[in-house]
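What follows is the residue order along each chain.
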Amino acid sequence: MRIRGMGVAALVSAAILWGGAGWAQSGEETTVPAAAATSASTAISKSTADHSKFEILKQNFKSGPEVTAACLSCHTEASNQVMHSIHWKWDYEQPETGQRLGKAHTINSFCGNVASNETRCTSCHAGYGWTDVRQPAPADPARVDCLVCHDKSGQYTKQDNLAGNPPLDPVTPGAKTITGADVRPVNLSQAAQSVGAPGRENCGSCHFNGGGGDNVKHGDLSSALIHPDLATDVHMSADGANFTCESCHVSDKHVFAGSRYATNVTNPHPDMAPGAARDVASCTSCHGEKPHPDTSVSHIKLNDHTDTVACQTCHIPSFARGGVATKTSWDWSTAGRLDNGKPISMEGYTQGNGKHLHTYLSTKGDFEWGENVVPYYAWFDGQVEYTNTDHTIDPSKTVDINIIHGNSEDPKSRIFPFKRMEGRQAYDTEMNRLVMSNVYGPTTDTAFWTNFDWTKSIKAAMDYAGLEYSGKFDFVDTHMYWPITHMVAPAKDALSCQECHSQNGRLANVAGIYMPGSGPGIGGKLGMVMVALALLGALGHGGLRLMRRARGNGGAHHD
Amino acid sequence: MTDTATTPTPDGSAKGNIRCVLVYPAFNRIWHWSQAGSIFLLMFTGARLMGMHQILSFETAVTVHTLTALALLLLWLFATFWLFTTEAWKQFIPKTEGLFRVMRFYAWGVFHGEEHPYRKSYKRRHNPLQALAYLAVKIALFPAIWVSGLIYLGYGLWDDLDNASFLLQIVANIHILSAFSIAAFVVVHTYLLTIGHGFLHHIRPMIFGFEKVELTAEEEAYFMADMPERLRTPRH
């Protein structure tokens, strides 16, 4: 918020100077100092540096690292900062569980694992040429990719199988970028001269395309957020707050607020004024603990909810909105089916923006997709534990790839929405552990996407990662939970009370809460019996009176 | 002085004159009918909150239920003040005298053409069973529903207690059980209006305030001298 505040201040000063310039030009009397009027005779830039004027950037760069080396000649500490971030390390020690997490270590229910598939997976690494995640990312400061975050020319991209390197002239025919587009040669010089603060396209080029395509992974992060309408995202829409990612995910020394491993569901700095700068990307950081104005009974009641229910639960009624579907199910066990030795591909789903999506690929198995998906709800304290390759699983049950911590008794937990990804993936039937697989490798005889042979694929990945493996495998059903926090809807689209306050409402499966409206309960049932007896008594008594009166025996009605 | 007939009481003795008297003053009637209307509204919205119907949105039901309850609570405070300052509270003191006869009438006499054994008097407009029932409602059911309702409404003030959800569940169940008990009371209360001279006959005094009751000679003299506006030539 501090950054945004400064931005507003800069805009205001720019507007004042602009106005001054206008007056000066129209020849009217003005109190604007002559110097200011002169320097403001053309539009002034917000930044104090125009990178297109730097001599060092006016060269014919031959590679990404050459550009980075030029950046570092002025921004001497930038690479060191980046190399301390999770964007670089893909390695994270969870402070509460002590687990070693990060992309270099965890298993997910999408492409599985990075190890042995590097050049494909590290295409989204914020660096160049990390080809072995068993080792830390390269130590050379020039291997940091400044452009993927700072390019403003719009033509910089990374090829999807070059370990983070951009497609350069001459490009490989048929190759794709990390956003799935056909490659075009990147003009590194143009990109270097364009640099600026990261925009949605920069962050989105990786984060919107996790899991191998637009919105495949998160469900609430898709290309729909580049130019969203108000109904899709009030914060990012130009008709709304027009935020960039960094408006909430504030950064400090190239480290960004927000995490899927250990996050803040609540505001750990309630003493700070709403909107004050802090390193926490939670709703309450700006909106406070009592976000609804106390002007009506329902608002007061809603404010009562904030210590139980996360803002997202009501204000993100569904995810994968705005026309881009998310993958809801991925069954690896059916992968490998061939038609006369040739891979099959089926496109059985058409998403809101008209694009056809795969529902079967020989390389990946069966998929299901969903738009406007109702989230799964669970208590969440921000802490996430992973079922890694060293965990024993129970294959007779659905395995949680990640375990969401939190419960109703914990004051830091809130009921939070999740995308619950359904998977079916390989495990070791002797050791009851999830296994890794080698899927990418166009020239190897082990990669599944090339050879369609699980036996070789799993063995190769487990050997590569140095993990014990019995050689016997099968497939197990899995769930993976993705916190839903983006795509906040306009207030009018927030959930109405009865979405939860009803029988079998949205929170019916959440433990440890009493939900008014979910049914009569013991008091209600007893009460209904009592009223029924009173009615029966009255009917019986009245009926008897009527019968007696018909027979002329009175009924105590006289006039 | 058209209707000054002396009517025998059930035990046969003549006690006083039947006169048409303002038994239910304006505040009394306003109290009764606002209470009746509020209780109906509370039942209707409460049933919505429990999920028994979906005619209103949950949000509207919460708003109407809360505001109606608070308004009724205010009225209840006024009524309590009124009851104790006007001595009207004495109407509700339970008495066992005649209780059995009334119970016997509802269980037996009413089917055999007997007259209701109770005669309203100015100071005692409820029969013994009625007074007992109303007292029970006033000292048990109403406090139960108010107290549980206020605790329910104030959940935000105590939701940081351990087991707050479980306690809320207990409070809610007490509230709902009290509400159904009041509903059962309303059923029986309404049904009993059909006994005797009929539904409208019983409702009319609660609307216009006047009812034929037995006045002692002293009471009659007092009304004629000090409050003649409270006496009226009865419409028969």
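Residues numbered from 1 in each chain as written. Chains lettered and ligands numbered in written order. Predicted model: local features only at pLDDT ≥ 70, side-chain atom pairs only at ≥ 80, totals over all residues. Heavy atoms only, no water.

A. A look at the pattern of salt bridges. All names here are of chain A. The tally for this structure, following the rule as stated, stands at 14 salt bridges over all chains. As a salt-bridge pair, K472 and E430 come within 3.9 Å of each other at their nearest N and O atoms. Note that K472 is positioned in the loop between α15 (454-465) and β19 (473-483) and E430 in the loop between β17 (414-428) and β18 (433-434), a separation of 42 residues in sequence. Overall, the relative accessible area of 49% leaves K472 in the partly exposed class. Ionic pairing is found between D463 and K459, a salt bridge with its closest N-O pair at 2.7 Å. Here D463 and its partner K459 are both found in helix α15, 4 residues apart, which amounts to about one turn of the helix. For D463, a relative accessible area of 46% translates into the label partly exposed. Among the residues examined, K459 registers a relative accessible area of 41% and is labelled partly exposed. (Salt bridge = Lys/Arg side-chain N within 4 Å of Asp/Glu carboxyl O. Helix = DSSP H or I, 4+ residues; strand = E, 2+ residues; numbered from the N terminus. Buried < 20%, exposed > 50% of the residue type's maximum accessible area, 1.4 Å probe, protein only.)

B. Highlighting the interface of chain B and chain A. Each side of the interface is counted separately: chain B has 45 residues, and chain A has 40 residues. Summing both sides of the interface, chain B and chain A together bury roughly 3,500 Å²; the carbon and sulfur share of this comes to 61%. Counting the surface chain B buries against chain A, the share from its top three residues, F58, F111 and Y191 of chain B, is 19%. Remark: the boundary between chain B and chain A carries 0 salt bridges. In this assembly, chain B and chain A are joined by 11 residue pairs in polar contact (both at pLDDT 80 or more). Broken down by element, the residue count for the side of chain B that touches chain A peaks at 14 residues, all from helix α6 (residues 164-192) of chain B. (Contact = heavy atoms within 4.5 Å. Buried area = accessible area lost by both parts, 1.4 Å probe. Polar contact = N/O pair within 3.5 Å; in protein donor to acceptor, adjacent residues only side chain to side chain.)

C. Spotlight on the side chain of T478 of chain A. All names here are of chain A. Tracing the backbone through its elements, the reader meets T478 in strand β19. In this structure the side chain of T478 is engaged in a polar contact, spanning 2.8 Å, whose partner is the side chain of Q425. Among all residues touching T478, those that are not within four sequence positions of it are S109, T398, V399, I401, M421, E422, G423, R424 and Q425.

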